[in-house]
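Summary of the model geometry
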There are 2 protein chains.
Amino acid sequence: MVTIALDAMGGDHAPASEIDGAVQAARSYGVRVLLVGRQEVLRPELARRNGAAGLPIEILHASEVVTMEDNAARAVRSKRDSSIRVAARLVRDGLAHGVVSAGNTGAVMATAKMIQGMVPGVERPALASVLPTRKGTPLVLIDVGANVDCTPRMLAQFAVMGEVYSRVILKTERPRIGLLSIGTEEQKGNEATRAALGLLRSLPLNFVGNVEGRDVYSGDVDVIVCDGFVGNAILKASEGLAELVKQMLRETLSATLTRRFGYLIARSAFADFKKRVDYSETGGAPLLGVRGVCIICHGSSNANAIKNAIRIAAEFARSQANRQIEDELSRWGQAPLAAKPL
Amino acid sequence: MVTIALDAMGGDHAPASEIDGAVQAARSYGVRVLLVGRQEVLRPELARRNGAAGLPIEILHASEVVTMEDNAARAVRSKRDSSIRVAARLVRDGLAHGVVSAGNTGAVMATAKMIQGMVPGVERPALASVLPTRKGTPLVLIDVGANVDCTPRMLAQFAVMGEVYSRVILKTERPRIGLLSIGTEEQKGNEATRAALGLLRSLPLNFVGNVEGRDVYSGDVDVIVCDGFVGNAILKASEGLAELVKQMLRETLSATLTRRFGYLIARSAFADFKKRVDYSETGGAPLLGVRGVCIICHGSSNANAIKNAIRIAAEFARSQANRQIEDELSRWGQAPLAAKPL
């Protein structure tokens, strides 16, 4: 049975959301969940859940908690018995297949990298985000913040990892890969993207060349590769714009009585809409390239988001996605290309 | 009277939108407009407009047109009698105060830089974009695509130019300036932003430090400074997301009969909403740092967008914004800071 270590203390609503999500996942997906955190908090909380007793859920004690306010690097060094670190250690020691956490993103990334270690051939793990598109297909944006000042070689590795995720987890056939730039022409871009273009062309990927910011939501490609600084800016600006749109629509729809009536009717439609763009359905952001798997959820994750993250983590482990990443990268390593310093 | 040279052949709907916009601007704002383009096309078109005869609008012949498909650099070199080049020459020769064009953005930027030249002290002109925020205040995002691989010094100059634009044109008192990064803490960011942070702190600006992508739409700052690669990605991803949202709402609101009824009532609200996020109200993107002024409109600009761009160009000229940019930069140039190689 696939076993996922869940950092039960990480999120803003921890441990309630985490425990509810674990119960739902264990019930629905046949996954064994190890709840990691303060046992004196977790034990009574878990006992209160109906029917939880019969499920494959266990509690593993960790005495410390990394908070959202903690400096990531410092917390990783100093809090050696934190729930996220103990969870990562379970993967390292072969006791769990992967980790899910809604905690401090920087701390989770640093811990996973240090404790779980990396898939052979991967230079740097990258954080991916799955976004909705106009064609209804999911888009993998990679990297969204794990690495800045990326080299062309790192960008090419992100493409390999993103392709495997899109194919294996999102079931995209022959994913189309684009390199984010400021125009589709070859000469457009910055130093790193211009150098990455040739490298990406040489890989056995369905690479379509440069794409623009607009293509994040167009559905014309399945994976977009970019520096983590740029991906993070796109992702957070998108969250900000979504909030602005929501606010403007609400204001505009309550301006008159007739409109308020329209709004009442339209409300169920908005609920649908919200569900379609709801991050909690996509199951968090996978940190690709680490051993096992590490899914990082939004701090404000509800039980549904945690449940879906556990589902994705289990699928990732079952499908041996890391083996595929390793194979792709090692095949690349044997190509004449690798002889050149990149 | 302020005189604006309008590239009448540039946009997707040229010259109809351009001529209508010129007529409206000349009528409403007391601006003299020089329509630049093929006189055999422009003369009969202008003659068809009611009441245009009495307005301060003149036609200046230019025999060539740079198309959207033209390679920008090549077009600038080879089409020496293009409407955009003739328009820029009018500014250079003191016959117009500024240029407005809805043509090929790359070609307009290159032409303005080469022909109009730069404000003393400016290293690189930067393209700014004005965006709506949740607090109703406008946000200046600079640079959105004129420069990639920006140095810390360039980012600091963008801050100076963006501050003047926000204060003088958008009437923001003491604009709050943020540096786009991937976290608000000092150590967050890439090499360029970390180096720019100290530089920005040393300037006499209301600098608030690092901000995140989310702040593009939060209204918590008035100017956000970033590399043109990043700004372009944010801007285009935002356009893509806006289209996705529009499509999703339409689909969701026409799913059932009751909802269609709700949609009918909500339709006028959507029209309001559209107007609030309509780029044509903000008057295009100013290329800051060139002599005179150059406002670049969206290729699909309608008459209203052209009219507003002419209004902004005239305000820019009247307020002597460039003089303020020059003064700020020269004051900076005299500070001990400038002695250090940046």
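Rules used in this analysis
Residues numbered from 1 in each chain as written. Chains lettered and ligands numbered in written order. Predicted model: local features only at pLDDT ≥ 70, side-chain atom pairs only at ≥ 80, totals over all residues. Helix = DSSP H or I, 4+ residues; strand = E, 2+ residues; numbered from the N terminus. Buried ≥ 20, exposed ≤ 12 C-beta atoms within 10 Å, placed from the backbone. Domains from an automatic or database assignment. Contact = placed C-beta atoms within 7 Å. Nonpolar A, V, L, I, M, F, W, Y, C, P; charged D, E, K, R; others polar. Axes fitted to C-alpha atoms, helices over the stretch in contact; angles between N-to-C directions. Parallel < 35°, antiparallel > 145°, perpendicular 65-115°, else oblique. Left-handed = near helix turned anticlockwise from the far one by under 90°. Core = buried A, V, L, I, M, F, W, Y, C linked by C-beta atoms within 7 Å. Pairing = 2+ DSSP bridges.

Here's the deal with the overall build of chain A
- Looking only at helices and strands, chain A features 12 helices and 11 strands.
- The buried share of chain A, reckoned over its 342 residues, is 55%.

Some remarks on the domain arrangement of chain A
Residues and elements named next belong to chain A.
- Domain boundaries assigned for chain A yield domain 1 (1–122 + 289–320) and domain 2 (129–280).
- Placing the centre of domain 1 and that of domain 2 at their C-alpha centroids yields a distance of 26 Å.
- With 13 residues of domain 1 at the interface, the matching set in domain 2 holds 7 residues.
- Considering every element that reaches the side of domain 1 that touches domain 2, the biggest residue donor is helix 11 (residues 303–318), with 6 residues.
- Its residues placed into classes, the side of domain 1 that touches domain 2 shows 5 nonpolar, 7 polar and 1 charged.

Description of the environment of B:G121
All names here are of chain B.
- Residue placement: G121 occurs in the loop between helix 5 (105–116) and strand 5 (126–131).
- According to the C-beta neighbour criterion, G121 is partly exposed, with 17 such atoms within 10 Å.
- Placed 16 residues apart in sequence, G121 and T137 show a C-alpha to C-alpha distance of 30 Å.

Considering the packing of helix 8 (residues 228–253) of chain A against helix 8 (residues 228–253) of chain B
- Contact geometry of helix 8 of chain A with helix 8 of chain B gives a least axis separation of 9 Å together with a crossing angle of 40°. It follows that helix 8 of chain A is oblique to helix 8 of chain B by the angle criterion. Of the two possible hands of crossing, helix 8 of chain A and helix 8 of chain B adopt the one that is right-handed. Every residue of helix 8 of chain B that contacts helix 8 of chain A at A:F229, A:V230, A:A233, A:I234, A:A237, A:S238, A:L241 and A:V245 is listed here: B:F229, B:V230, B:A233, B:I234, B:A237, B:S238, B:L241 and B:V245.
- Of the residues contributing to the contact of helix 8 of chain A with helix 8 of chain B, the split by class is 14 nonpolar, 2 polar and no charged.

Brief notes about the nonpolar core
- One finds A:L35, A:I310, B:L35 and B:I310 to be the most contacted residues of the largest nonpolar core, which totals 228 residues.
- Each of domain 1 (1–122 + 289–320) and domain 2 (129–280) of chain A gives at least three residues to this core.

Considering the packing of helix 6 (residues 152–169) of chain A against helix 7 (residues 191–202) of chain A
All names here are of chain A.
- Put simply, helix 6 and helix 7 touch, their axes get as near as 8 Å, and they point 50° apart. Here helix 6 is positioned oblique relative to helix 7, judged by the angle of their axes. For the pair helix 6 and helix 7, the sense of crossing is right-handed. Contact with helix 6, carried on its side by P152, R153, L155, A156 and A159, involves A192, A195, A196, L199 and L200 of helix 7 and no other residues of that element.
- Its residues placed into classes, the contact of helix 6 with helix 7 shows 9 nonpolar, no polar and 1 charged.

Notes on the sheet that holds strand 3 (residues 57–61) of chain A
Residues and elements named next belong to chain A.
- Strand order across the open sheet formed by 11 strands is 3-2-1-4-11-10-5-6-9-7-8, with mixed pairing between neighbours. Each edge of the open sheet carries a strand with a single partner, namely strand 3 and strand 8 (206–211). Each adjacent strand pair in this sheet contributes to an overall mean axis angle of 25°, direction not counted.
- For strand 5 (residues 126–131) and strand 6 (residues 139–142), the ladder comprises 4 bridges, and the chain directions are antiparallel.

A word on the sheet that holds strand 8 (residues 206–211) of chain B
Residue and element names in this part refer to chain B.
- Spatially, 11 strands are ordered 3-2-1-4-11-10-5-6-9-7-8 in an open sheet, and the strand pairing comes out mixed. The open sheet has two edge strands with one neighbour each: strand 3 (57–61) and strand 8. Each strand axis lies, on average, 25° off the axis of its neighbour in the sheet, ignoring direction.
- Strands in contact with helix 2 (residues 39–48) are strand 2 (32–37) and strand 3; relative to strand 3, the strand with the most contacts, it is inclined by about 160°.
- Set on the sheet, helix 5 makes contact with strand 4 (98–101), strand 5, strand 10 (285–288) and strand 11 (294–296); between it and strand 11 the angle comes to about 175°.

Details of unusual backbone geometry
Residues and elements named next belong to chain A.
- Backbone torsion omega between A14 and P15 reads 0°, so that peptide bond is classified as cis.
- Following the sequence through the fold, P15 ends up in the loop between strand 1 (3–7) and helix 1 (16–29).
- One non-glycine residue, R174, lies in positive phi territory at about 45°.
- Secondary-structure assignment places R174 in the loop between helix 6 and strand 7 (176–180).
- On the basis of neighbour counts, which here come to 11 C-beta atoms within 10 Å, the residue R174 falls in the exposed class.
- The backbone of Q320 shows a phi angle near 50°, a positive value even though the residue is not glycine.
- Looking at the secondary structure, you find Q320 in the loop between helix 11 and helix 12 (321–334).

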